[in-house]
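Below are the chains, spelled out letter by letter.
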Amino acid sequence: MGRFLIEVPHEEEAVACARAVKILQSTGSHYLTNADWGCHDGVHKGWITVDVESKQEALAILPVAYRDQATIVQLNKFGMKEVDDFLRHHKA
């Protein structure tokens, strides 16, 4: 299972913020009702972190109206050994 960050942008107008929040919260999905929003800081996007099998599965969580605009990023963590291996590999 992977961990994915879903980023959903929307227009800057207050009504667009309210519409985006309402649409995502009204879907009933636990993931969507717990989205984080950047609107109060001038970043008109919502972020959702999900544990699913694929990017396609992450995208399917969103309402259809937001799928084309969304960005899906697979997340990972690095331990110190992994960082050292990564640096060694890229020096070659």
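Provided above is the structure to which this section pertains.
The notes below deal with the structure included here. (Residues numbered from 1 in each chain as written. Predicted model: local features only at pLDDT ≥ 70, side-chain atom pairs only at ≥ 80, totals over all residues. Heavy atoms only, no water.)

**What about the packing of aromatic side chains?**
Following the criterion strictly, the structure yields one aromatic pair and no others. A centroid spacing of 6.1 Å and a plane angle of 50 degrees characterise the contact between Phe78 and Phe86, whose relative ring orientation is tilted. By relative accessible area, Phe86 is classed as partly exposed at 46%. (Phe/Tyr/Trp six-rings, centres within 6.5 Å; stacked < 30°, edge-to-face > 60°. Buried < 20%, exposed > 50% of the residue type's maximum accessible area, 1.4 Å probe, protein only.)

**Observations regarding the sheet that holds strand 2 (residues 36-37)**
Spatially, 2-3-1-4 is the arrangement adopted by the four strands of the open sheet, whose pairing is antiparallel. Whereas interior strands pair on both sides, the edge strands pair on one side only; in this sheet they are strand 2 and strand 4 (71-75). For strand 1 (residues 2-9) and strand 4, the ladder comprises five bridges, and the chain directions are antiparallel. When the bridges of strand 4 are listed, Leu5 appears paired with Val73. (Pairing = 2+ DSSP bridges. Helix = DSSP H or I, 4+ residues; strand = E, 2+ residues; numbered from the N terminus.)

**Regarding the pairing of strand 1**
Alternating positions in strand 1 separate cleanly, Gly2, Phe4, Ile6 and Val8 being buried on one face and Arg3, Leu5, Glu7 and Pro9 remaining unburied on the opposite face. With eight bridges connecting them, strand 1 and strand 3 (residues 45-52) associate as antiparallel partners. Counterpart to Pro9 in the pairing with strand 3 is Lys45.

**Structural notes on the pattern of salt bridges**
The final tally for this structure, using the stated rule, is four salt bridges. When the shortest N-O distance is used, the salt bridge between Arg3 and Asp51 registers 2.7 Å. Of this pair, Arg3 sits in strand 1 while Asp51 is found in strand 3, placing the two residues 48 residues apart along the sequence. A salt bridge links Lys81 to Asp85, with the shortest nitrogen-to-oxygen separation between them at 2.7 Å. Of this pair, Lys81 and Asp85 both sit in helix 5 (residues 80-91), separated by four residues, roughly a single helical turn. (Salt bridge = Lys/Arg side-chain N within 4 Å of Asp/Glu carboxyl O.)

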